[in-house]
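# A look at the structure
Each chain, written out:
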Amino acid sequence: MPTTQQLQDFTQQVRRDILRMVHKVNSGHPGGSLGCAEFISCLYQEVMDYSSDFPMDGVNEDLFFLSNGHISPVFYSVLAHSGFFPVSELATFRLLDSRLQGHPTTHEGLPGVRIASGSLGQGMSVAIGAAQAKKLNGDSKIVYTLHGDGELQEGQNWEAIMYASAKKVDNIICTIDLNGKQIDGSTDEVLAMGSIKAKFEAFDWEVLEVEKGNDIDTILAALAAAKSKTGKGKPVCILLKTEMGNGVDFMMHTHAWHGKAPSDAQLEDALSQNPETLGDY
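### Concerning the sheet that holds strand 7 (residues 236-240)
Across the sheet, which stays open at both edges, the 5 strands sit in the order 1-2-3-7-6 with parallel pairing between neighbours. Edge strands, defined here as strands with exactly one partner in the open sheet, are strand 1 (63-66) and strand 6 (206-210). Pairwise comparison of adjacent strand axes, ignoring direction, gives a mean angle of 20 degrees for this sheet. Pairing geometry for strand 6 and strand 7, over 5 bridges, is parallel. In the strand pairing of strand 7, V207 is matched with C237.

### Overview of the pattern of salt bridges
The tally for this structure, following the rule as stated, stands at 11 salt bridges. Among the ionic pairs, K234 bridges to D204, the shortest N-O distance being 3.2 Å. A residue pair is termed long-range when its members are at least 10 positions apart, and K234 in the loop between helix 9 (216-228) and strand 7 and D204 in the loop between helix 8 (196-202) and strand 6 qualify at 30 residues. Among the residues examined, K234 registers a relative accessible area of 30% and is labelled partly exposed. On the basis of relative accessible area, D204 is assigned to the partly exposed category, the value being 39%. Between K241 and E211 there is a salt bridge, and its shortest N-O distance comes to 3.0 Å. Taken together, the residues span a long stretch of sequence, with K241 in the loop between strand 7 and helix 10 (264-272) and E211 in the loop between strand 6 and helix 9 at a distance of 30 residues. Among the residues examined, K241 registers a relative accessible area of 29% and is labelled partly exposed. A relative accessible area of 54% means that E211 is categorised as exposed.

### As for the side chain of E243
Within the secondary structure layout, E243 lies in the loop between strand 7 and helix 10. A relative accessible area of 15% places E243 in the buried class. A polar atom in the side chain of E243 sits 2.8 Å from the backbone nitrogen of H253. Non-local contacts of E243, meaning those with residues more than four positions away in its chain, are made with G35, K181, N214, M252 and H253.

### Details of the nonpolar core
Counting residues in hydrophobic clusters, the biggest one holds 55 residues, and the most contacted among them are I40, Y44, F64 and F85. It is helix 1 (residues 4-25) that provides the largest number of residues to this core, a total of 7 residues. Setting aside chain neighbours within four positions, we find F85 in contact with Y76, L79, A80, L90, R99, L100, L110 and P111. Grouped together as the second largest cluster of nonpolar side chains are 26 residues, W158, I176, F200 and V207 included.

### With respect to the packing of aromatic side chains
Evaluated as defined, the whole model comprises 12 aromatic pairs. When the ring of Y50 is compared with that of F84, the centres are 5.4 Å apart and the planes differ by 25 degrees; the resulting orientation is stacked. Taken together, the positions of Y50 in the loop between helix 3 (37-47) and strand 1 and F84 in the loop between helix 4 (72-81) and helix 5 (123-136) put the pair 34 residues apart, joining distant regions of the chain. Take Y50: its relative accessible area is 22%, and that puts it in the partly exposed class. Centre to centre, the rings of W158 and F200 are 5.6 Å apart; their planes meet at 55 degrees, and the pair counts as tilted. A residue pair is termed long-range when its members are at least 10 positions apart, and W158 in helix 6 (residues 155-166) and F200 in helix 8 qualify at 42 residues. One aromatic cluster is present, formed by Y44, Y50, F54, F64, F75 and F84 through successive ring pairs. For the cation-ring pair, K260 lies above W257, with the distance from its terminal atom to the ring centre recorded as 4.2 Å.

### Some details on a negative patch on the surface
Together, D249, D264, E268 and D269 make up a negatively charged patch on the protein surface. In this fold, D249 is placed in the loop between strand 7 and helix 10.

What counts, and at which threshold
- Residues numbered from 1 in each chain as written.
- Predicted model: local features only at pLDDT ≥ 70, side-chain atom pairs only at ≥ 80, totals over all residues.
- Heavy atoms only, no water.
- Pairing = 2+ DSSP bridges.
- Helix = DSSP H or I, 4+ residues; strand = E, 2+ residues; numbered from the N terminus.
- Axes fitted to C-alpha atoms, helices over the stretch in contact; angles between N-to-C directions.
- Salt bridge = Lys/Arg side-chain N within 4 Å of Asp/Glu carboxyl O.
- Buried < 20%, exposed > 50% of the residue type's maximum accessible area, 1.4 Å probe, protein only.
- Polar contact = N/O pair within 3.5 Å; in protein donor to acceptor, adjacent residues only side chain to side chain.
- Contact = heavy atoms within 4.5 Å.
- Core = buried A, V, L, I, M, F, W, Y, C linked by side-chain atoms within 4.5 Å.
- Phe/Tyr/Trp six-rings, centres within 6.5 Å; stacked < 30°, edge-to-face > 60°.
- Lys NZ or Arg CZ within 6 Å of the ring centre and 35° of its normal.
- Patch = residues over 30% accessible without salt bridge, like charges linked within 9 Å, V, L, I, M, F, W, Y side chains within 5 Å.
- Areas by Shrake-Rupley, 256 points an atom, 1.4 Å probe, with all protein chains shown as cover.
- Lys, Arg positive; Asp, Glu negative; His and termini not counted.
- Charge placed at Lys NZ, Arg CZ, Asp CG, Glu CD.

In structure tokens, the structure reads:
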């Protein structure tokens, strides 16, 4: 198992990758990607049991589904550094004919990607289906998902949330990136949702709240606690409070960097805050 320092170094390199990828093509979504860098790094570097050979059926493997697919830069970087495809391929992000499209797709056959995502609100439904298939097949592994908090404004989520508890899909851990921001402003300004915790609990989910969603040790403890609650008749939700743009001071505490690339000078500033640790592609 990697140490906390090794996970921090891994995450720091992921942040560099995100910034460089988005800057190169002057498009992409750095804010949410940076905010979830610690979480996805922890999943793939310590928590999940998987094969980087990537059998598509995922039998006897933990699975991960990224529902808010616009944060593809963080997903691609973590997958590459976890051995799914060459790190050098990150240089092709969002280019024509690249396997690394702006939103992950299965059409390009990129290892690590099991569903096309980006049309928000659909990932939970797919993941619940995968979780039910595991239960039917006697597969004891866990299905993990990640969703944006603004994404919960999509109604399909709530149908899925209702279904999962009614059918006792208790081998799934859905994490909500609770950063309070979306492309047009704060989630409260765009469409206030009230207490997300109360809503999930009303749908009979087990809910864990994580205040320090960018702290590696806190994330690992939360995921361990969530896993301990699986197999007990209820689906599990983690409300992970993160900071959009985490690790880059001028991108934090604002929604402005949801889908905007840094300039040359801004990139230099951002990279100076995140020195190279594992080697740039």
